[in-house]
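# Survey of secondary and tertiary structure
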Amino acid sequence: MLARECIVSAPGKVILHGEHAVVHGKMALAVSLNLRTYLRIQPGSEGRVSVNMPNIDTFLSWDVSSLHTQLPASRAGLQSAVEPDPAVVQKLREYAGLVDGLADTRSLAVLTFLYIYLSVFAESRELPSLTMVVWSELPTGAGLGSSAAFSVCLSAALLACRGAITCPAVEAGQTARWSDDELELINKWAFQGEKIIHGNPSGVDNAVGTWGGALRYHSGKTKPLSSTPVLRILLTNTRVPRSTKVLVAGVRDKMTKFPAIMNPVLESIDAISCECERTLMEMASRPEIQHYRVLEELIDINQHHLNVMGVGHPSLDRLCQVSLAHGLHSKLTGAGGGGCGITLLTPDTDSLEVERSIQELKDCGYDCWETSIGAPGVLHHSSSSLKEDVLKVLNGY
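Residues numbered from 1 in each chain as written. Predicted model: local features only at pLDDT ≥ 70, side-chain atom pairs only at ≥ 80, totals over all residues. Heavy atoms only, no water.

This part is about the overall build of the protein. Within the protein one finds 12 helices and 13 strands. Its C-alpha atoms give the protein a radius of gyration of 21 Å, within 12% of the compact-globule value 21 Å for 397 residues. Considering only C-alpha atoms, the protein reaches an extent of 60 × 50 × 40 Å along its principal axes. Of all 397 residues assigned to the protein, the portion counted as buried reaches 54%. Across the protein, the fraction of contacts at a sequence separation of at least 24, relative to all contacts at a separation of at least 6, is 77%. Of the accessible surface of the protein, which amounts to about 16600 Å², a share of 51% is contributed by carbon and sulfur atoms. (Helix = DSSP H or I, 4+ residues; strand = E, 2+ residues; numbered from the N terminus. Rg over C-alpha atoms; globule rule 2.2 N^0.38 Å. Buried < 20%, exposed > 50% of the residue type's maximum accessible area, 1.4 Å probe, protein only. Contact = heavy atoms within 4.5 Å. Areas by Shrake-Rupley, 256 points an atom, 1.4 Å probe, with all protein chains shown as cover.)

Given below as structure tokens:
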């Protein structure tokens, strides 16, 4: 049995600069998005494991005795975070009654929970009874790292329950972080969860969810920035569906057809990422208004480049036009072709202009939130540190 409850949260992510260029060997900057996924694990009814994910209308329960039959034969140590065996994943899919090959959000979330739960406790061969509730502020399928935030929360909570990492003490109304070594272990396990969901992920999303702040990604390697400011933004979801695969292929075709034109565009985007990184590092110690002016210019330049690359969309053009009419600067984030965009809010931004921008964007049929980037990574919470609406959901199931 679990000794006590564990409440964790992890942020989503956005690409600040470098999307698409990163596929061609350039640097990208990813930053944490302070729309978070929350996960609560409590001691459950004796002999039962219950999973409640109201965002995706998923409420399941299993007997611990039946889950014992699914324990992997291998007893690899917790430090190894072994890559998912396709045969084991297929066996879990059959056990959970999931349609073979189905890759919807619900099926993948259930598979990820079962895999990490069983793998973390495989060595001890003792499966705890528990009740898990997950609630997310992140929309799924919008390129905002919702699956990675789930995998990070799941890994942190289950590793803490297993005793593989500490369960940091938190005062009433407070949150706590794990040590760097413990965060590294959380990240390893979250990456395995992402492999179940995405097959061959880059590792960027789970790294941002674990460490928070900003990190640079280049040629398969990630490096967190030592310190970054928290920046206010508007996050807009145009709700226009897009295919990342098709958009990436389109950029590649342009590269092949017009190398003398496209290569300088990629070099410029790489320079934008580097300049943004330098500016963020300067801002971490003493942000000044001229830093924000630089960030605004970089956003505008990069958005034009992304249009040149063919990944823009009329819905994103409309976002940029609406925000610019109110003195704000926007760009797409992620794959483009619709999807999401970010708008920088500076310390001297008029709150009325923000409200008007949000309303106009909603009038366009978009979803729009005011939030922040550069937020902390995975956190351990006291229940009283949670927002009332989140606590209500976690307590309500």
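From this point on, the discussion continues.
A few words now on the side chain of Asn237. When you line up the elements, Asn237 lands in strand β9 (residues 231–237). The exposure class assigned to Asn237 is buried, which follows from its relative accessible area of 10%. Reaching out from Asn237, the side chain makes a polar contact with the backbone nitrogen of Arg239 at a distance of 2.9 Å. For Asn237, the contacting residues outside a window of four places in its chain are Pro139, Ala142, Gly339, Cys340, Tyr366, Asp367 and Trp369. (Polar contact = N/O pair within 3.5 Å; in protein donor to acceptor, adjacent residues only side chain to side chain.)

Moving on, we come to the side chain of Thr238. In this fold, Thr238 is placed in the loop between β9 and α7 (244–257). Separated by 2.7 Å, the side chain of Thr238 and the backbone oxygen of Gly339 make a polar contact. With residues up to four places along the chain from it excluded, the contact list for Thr238 reads Ser315, Leu316, Gly338, Gly339 and Tyr366.

In this section: helix α5 (residues 180–198). Between its first and last C-alpha, α5 extends 26 Å over 19 residues, near the 27 Å set by a 1.5 Å rise per residue. Gly199 lies just past α5 and shows a positive phi near 85 degrees. (Expected span 1.5 Å × (residues − 1).)

It is worth spelling out the pattern of salt bridges at this point. For side chains bearing opposite charge, pairing can occur when the charged atoms are close. Counted according to the given criterion, the structure contains 16 salt bridges. Where Arg48 meets Asp63, a salt bridge forms, and the shortest distance between an N and an O atom there is 2.2 Å. One end of the pair, Arg48, is in strand β3 (residues 48–53); the other, Asp63, is in strand β4 (residues 58–63), with 15 residues separating them in the sequence. Arg48 gets classed as partly exposed once you look at its relative accessible area, which sits at 28%. Residues joined by salt bridges that share partners form a network here, namely Glu275, Arg278 and Glu282. (Salt bridge = Lys/Arg side-chain N within 4 Å of Asp/Glu carboxyl O.)

In this section: the packing of aromatic side chains. Under the counting rule described, the total for this entry stands at three aromatic pairs. Relative to Tyr117, the ring of Phe113 has its centre 5.4 Å away and its plane inclined at 20 degrees; by these criteria the two rings are stacked. Placement of both Phe113 and Tyr117 in helix α3 (residues 105–120) is noted, with a separation of four residues, approximately one turn of the helix. On the basis of relative accessible area, Tyr117 is assigned to the buried category, the value being 0%. An angle of 55 degrees between the planes, with centres 5.6 Å apart, marks the rings of Tyr117 and Phe121 as tilted. For the residue pair Tyr117 and Phe121, the accessibility class agrees, reading buried in each case. (Phe/Tyr/Trp six-rings, centres within 6.5 Å; stacked < 30°, edge-to-face > 60°.)

The subject of this paragraph is the nonpolar core. Residues Leu33, Leu39, Phe113, Tyr117, Met132, Ile186 and Leu235 are the most contacted members of the largest nonpolar core, which totals 79 residues. Every residue in contact with Leu235, bar those within four places of it in the chain, is listed here: Val14, Leu33, Leu35, Leu144, Cys340, Gly341, Ile342, Asp367, Cys368, Trp369 and Thr371. By size, the runner-up hydrophobic cluster in this structure holds 24 residues, among which are Leu266, Leu345, Val354 and Cys368. (Core = buried A, V, L, I, M, F, W, Y, C linked by side-chain atoms within 4.5 Å.)

Another aspect to go through is the pairing of strand β10 (residues 329–333). In terms of burial, β10 is largely enclosed, as five of its five residues are buried. From the end of β10 to the start of strand β11 (residues 340–345), which pair antiparallel, there are six residues, and Gly334 there has a positive phi angle of about 95 degrees. (Pairing = 2+ DSSP bridges.)

The next thing to look at is unusual backbone geometry. Here the phi dihedral of Asp57 falls at roughly 55 degrees; this positive angle occurs in a residue that is not glycine. With respect to the helices, strands and loops of the structure, Asp57 is situated in the loop between β3 and β4. The exposure class assigned to Asp57 is exposed, which follows from its relative accessible area of 60%. In this structure, Ser219 takes a positive phi of about 50 degrees despite not being glycine. One can find Ser219 in the loop between β7 (214–218) and β8 (221–224).

Keep in mind that these numbers describe shape and distance, not what the molecule does.
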